[in-house]
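# Structure assessment
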Amino acid sequence: MADLSGFDPNSAGNPNNNIFGLPFSEEDADLIILPVPWEVTVSYKAGTARAPEHIFRASLQVDLLDNDTNDAWRRGIYMRDVDRAILLKSDYLRKEAELYINYISQGENVNDNKFMCKTLKEVNAGSVFLNNWVYEQTKALLDKGKLVALLGGDHSTPLGYYKAIAEKYGDFGILQIDAHFDLRESYEGFVYSHASIMYNALKEIPQIKKLVQVGVRDFGDNEWKIVCESNARIVPYFDRDLKERMYEGQTWKQVVDEIIEHLPANVYISFDADGLDPKLCPHTGTPVMGGLETEQAFYLFRKIITSGRKLIGFDLNEVGVSSNEWDENVGARVLYKLSNMLLACNPN
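About the thresholds
- Residues numbered from 1 in each chain as written.
- Predicted model: local features only at pLDDT ≥ 70, side-chain atom pairs only at ≥ 80, totals over all residues.
- Heavy atoms only, no water.
- Helix = DSSP H or I, 4+ residues; strand = E, 2+ residues; numbered from the N terminus.
- Buried < 20%, exposed > 50% of the residue type's maximum accessible area, 1.4 Å probe, protein only.
- Axes fitted to C-alpha atoms, helices over the stretch in contact; angles between N-to-C directions.
- Left-handed = near helix turned anticlockwise from the far one by under 90°.
- Contact = heavy atoms within 4.5 Å.
- Nonpolar A, V, L, I, M, F, W, Y, C, P; charged D, E, K, R; others polar.
- Phe/Tyr/Trp six-rings, centres within 6.5 Å; stacked < 30°, edge-to-face > 60°.
- Lys NZ or Arg CZ within 6 Å of the ring centre and 35° of its normal.
- Pairing = 2+ DSSP bridges.

## Here we look at the environment of Phe24
Checked against the element boundaries, Phe24 lands in the segment before β1 (31-36). Judged by relative accessible area, Phe24 falls into the buried class, the value being 6%. Each C-alpha atom of the pair Phe24 and Arg74 lies 9.3 Å from the other, and the pair is 50 residues apart in sequence.

Structure, rendered in structure tokens:
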């Protein structure tokens, strides 16, 4: 346990300390944030691979008082350094993927070009490598009794963590905040695309008993077919429907209570920044008009905890990098709220 006797939580964030200016080491902290600087398959705007470092800097501006969780941070939050080898691999494969995406966008046949066939194979192999790396990192932390949060990067990053957490906890449900279903069987030929994370999770991890998606407003026919044929394993809450229900007199509390009823005892939160109104994270990879306010999402998270359900982990992905650190500032505050809630929901 870290000695906090000399630490002033009301002072300015100390850049010589760890995330949020907290004076914890990995050994001291109950919660470890694993940064995953990866955005190989992004299909629109890039930048998320460098979000963890930017969020770290922005986190020094976050005040530590959190009325929801009674100073849960005192149990320790620690973010690992960004693995430069993973970042460099992402940068290299991202350039390869961009060439490939540009080629197929012009209607060219991949099988007619040996270089493009090789590129596609390399990108898919890189994604498999990343999934295994995330699994190994998160499993080792869980085996040590740590709570784990994953910070991307694009939304393809947490698949390995889902597998590790399924091994530890058994059956669980995912609450996904997202503008998209992410249920494409593959996207642009990339098997482990950011647009396929939930398809792959449901296919490969039988312990995921329920996927509840909140804020969806941009999706394809095939994805909708998967939802309809899921036998209620997937429960979507479309952004349009949520707003119409409130326009017509329902309260957010009524909607939230219904959402929570679909979730099992163990809940994992997968938070894609594009699930928020894009005024909050305008530089996310695939912004879509509409979306949640942060306080709507935080209210939902609070009600999950007060319902008696257990928060077992979370990921935060698709936070963009901006010139004024606005996206990163929002990302840091979402990260802090989720970190405190995870700690509060898992007492020593």
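Further notes follow.
## Let's talk about the packing of helix α3 (residues 114-143) against helix α4 (residues 159-169)
For the pair α3 and α4, interaxial distance at closest approach is 7 Å and the crossing angle is 35 degrees. The handedness of the crossing between α3 and α4 comes out as right-handed. Taking contact as the criterion, the partners of Asn131, Val134, Tyr135, Thr138, Lys139 and Leu142 in α3 are, on α4, Leu159, Gly160, Tyr161, Lys163, Ala164, Ile165, Glu167 and Lys168. The class makeup of the residues in the contact of α3 with α4 is seven nonpolar, three polar and four charged.

## A few points about the packing of aromatic side chains
Scanning all chains against the criterion turns up 14 aromatic pairs. Ring centres 5.8 Å apart and planes at 70 degrees place the aromatic pair Phe181 and Phe238 in the edge-to-face group. One end of the pair, Phe181, is in the loop between β4 (172-177) and α5 (197-204); the other, Phe238, is in strand β6 (residues 234-238), and 57 residues separate them in sequence. Centre to centre, the rings of Phe219 and Trp224 are 6.4 Å apart; their planes meet at 45 degrees, and the pair counts as tilted. Looking at Phe219, the relative accessible area reads 36%, which means it is partly exposed. The partly exposed category is assigned to Trp224, whose relative accessible area is 36%. It is Lys89 that lies over the ring of Phe129; its NZ or CZ is 4.9 Å from the centre.

## Observations concerning the pairing of β1
The element β1 is largely enclosed, with a buried count of six among its six residues. By the alternation rule, side chains of β1 split into Leu31, Ile33 and Pro35 and Ile32, Leu34 and Val36, which are all buried. In this sheet, strand β2 (residues 77-79) lies alongside β1 in parallel orientation, the contact comprising three bridges. Along β2, the bridge assignment pairs Leu31 with Ile77.

## Here's the deal with the pairing of strand β7 (residues 266-272)
Here β7 lies mainly inside the structure; seven of its seven residues are buried. Residues Asn266, Tyr268, Ser270 and Asp272 line one face of β7 and the alternating positions Val267, Ile269 and Phe271 line the opposite face, and both faces are buried. Relative to β7, β4 runs parallel, the two being bridged by five bridges. When the sheet's bridge partners are listed, Leu175 is paired in β7 with Ile269. Bridging between β7 and strand β8 (residues 310-317) involves seven bridges; their strand directions are parallel.

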